[in-house]
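Report on the structure
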Amino acid sequence: MSNLASRIQAIRERIRAAEQRGGRPPGSVTLLAVSKTQPAATIREAMTLGLTRFGENYLQEALDKLEALDDNPPEWHFIGPIQSNKTRLIAENFSWVHTVERPKIAQRLSAQRPLGLPPLNICLQVNISGEASKSGLSPDELPAMATQVAGLSRLRLRGLMAVPAPAQDFEAQRRPLARLRQLQEALIRDGLDLDTLSMGMSDDLEAAVHEGATLVRIGTAIFGPRPPKST
Ligand SMILES: *Cc1c(COP(=O)(O)O)cnc(C)c1O
């Protein structure tokens, strides 16, 4: 078996074991493969191994791969920071955006979503660990923003997303993830129809599934370590 095949099998087993331990129904957690820095050929190989959803962080890099895989496209998710002059290309080329945090960006994505495509699926990014350097809405800002995005006709608000501060042990990993789930539950109580909690990466997948993640975003554990980011 290839390295990629064995890593995909291992991550599927981790998800299955975490579902079982957390009392989650089997199959309730969706795997998003984070393919930033990986070439189109690797994504194609991962698709032959059964992966169907890929997340990209950098628009230009992503567009090159979208074009290379245009004959048989997977479901593309945008999971990187969004500049307002890039919204049109995101609205035209992706099925999901996980990193919406500003009203202006949401309005532009809705206005620019082509009419021939289904509404763009949206998660609002929450700065769940309260780090000054991190993107995301504060919990205080969230309800008003969620109501506003839910009212945009070409978007479909699906839920919340976060990238918590790194933590080593299971209990410390669980705390911010539990907070994100509670914020989502509060929005649902307020009447929003949300079904997606986008949380959990290679290092905190188990804690995220335990706390109710419905979609985990996994890069390193599938594709191996990435080259250091150039600055
Ligand atoms: C890179 C990235 C991931 C994947 O992280 P790994 O630790 O490599 O699994 C998930 N989510 C976001 C937003 C990312 O930028």
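Located above this text is the structure these notes cover.
Here's a quick rundown of the structure.

Scoring rules and cut-offs
- Residues numbered from 1 in each chain as written.
- Predicted model: local features only at pLDDT ≥ 70, side-chain atom pairs only at ≥ 80, totals over all residues.
- Heavy atoms only, no water.
- Near = heavy atom within 4 Å.
- Polar contact = N/O pair within 3.5 Å; in protein donor to acceptor, adjacent residues only side chain to side chain.
- Areas by Shrake-Rupley, 256 points an atom, 1.4 Å probe, with all protein chains shown as cover.
- 1 Å grid on protein atoms, 1.4 Å probe; cavity = no way out; pocket = protein on both sides within 12 Å on 5 of 7 lines; lining within 4 Å.
- Sits in = over half its atoms within 2 Å of the grid points.
- Nonpolar A, V, L, I, M, F, W, Y, C, P; charged D, E, K, R; others polar.
- Helix = DSSP H or I, 4+ residues; strand = E, 2+ residues; numbered from the N terminus.
- Contact = heavy atoms within 4.5 Å.
- Points joined across faces, edges and corners; volume = space filled by probe spheres on them.
- Salt bridge = Lys/Arg side-chain N within 4 Å of Asp/Glu carboxyl O.
- Buried < 20%, exposed > 50% of the residue type's maximum accessible area, 1.4 Å probe, protein only.
- Phe/Tyr/Trp six-rings, centres within 6.5 Å; stacked < 30°, edge-to-face > 60°.

**Some remarks on the site of the ligand**
Taken together, 13 residues lie around the ligand, and Lys-36, Asn-57, Ser-202, Thr-220 and Arg-226 are the ones closest in. Note that an oxygen atom of the ligand is positioned 2.6 Å from one of the side-chain N or O atoms of Thr-220. Computed on the free molecule, the ligand has an accessible area of 390 Å², of which 89% lies beneath the protein chains in the complex. In this structure, the ligand is accommodated by the largest pocket. Residue composition of the shell around the ligand, by class: six nonpolar, four polar and three charged.

**Here we look at the environment of Glu-45**
Looking at where Glu-45 falls in the secondary structure, it is placed in helix α2 (residues 40-48). The spatial distance from the C-alpha of Glu-45 to the C-alpha of Leu-4 is 8.3 Å, given a sequence separation of 41 residues. When near neighbours in sequence (up to four residues on either side) are disregarded, Glu-45 contacts Ser-2 and Leu-4.

**So, the layout of surface pockets**
What the largest pocket holds in volume is close to 940 Å³. Lys-36, Val-163, Met-201, Arg-217 and Arg-226 are the residues nearest the centre of the largest pocket, which is lined by 36 residues in total. When residues of the lining of the largest pocket are traced back to their parent elements, those giving at least two are α7 (170-189) and β8 (215-218). Of the residues belonging to the lining of the largest pocket, the class tally is 15 nonpolar, 13 polar and eight charged. Space inside the second largest pocket adds up to approximately 270 Å³.

**Some points on the pattern of salt bridges**
What the rule picks out here adds up to eleven salt bridges. Across the pair Lys-134 and Glu-131 runs a salt bridge whose closest N-O atoms are separated by 2.8 Å. Taking relative accessible area as the criterion, Lys-134 reaches 28% and is therefore assigned partly exposed. On the basis of relative accessible area, Glu-131 is assigned to the partly exposed category, the value being 23%.

**Re the packing of aromatic side chains**
Counted according to the given criterion, the structure contains two aromatic pairs. Their ring planes at 50 degrees and their centres at 6.2 Å tell us that Phe-54 and Trp-76 sit as a pair that is tilted. Of this pair, Phe-54 sits in strand β2 (residues 53-56) while Trp-76 sits in strand β3 (residues 75-78), and the two are 22 residues apart along the sequence. Side by side, Phe-54 and Trp-76 carry an identical accessibility label, which is buried. When the centroid spacing of 5.3 Å and the interplanar angle of 80 degrees are considered together, the rings of Phe-78 and Phe-94 count as edge-to-face.

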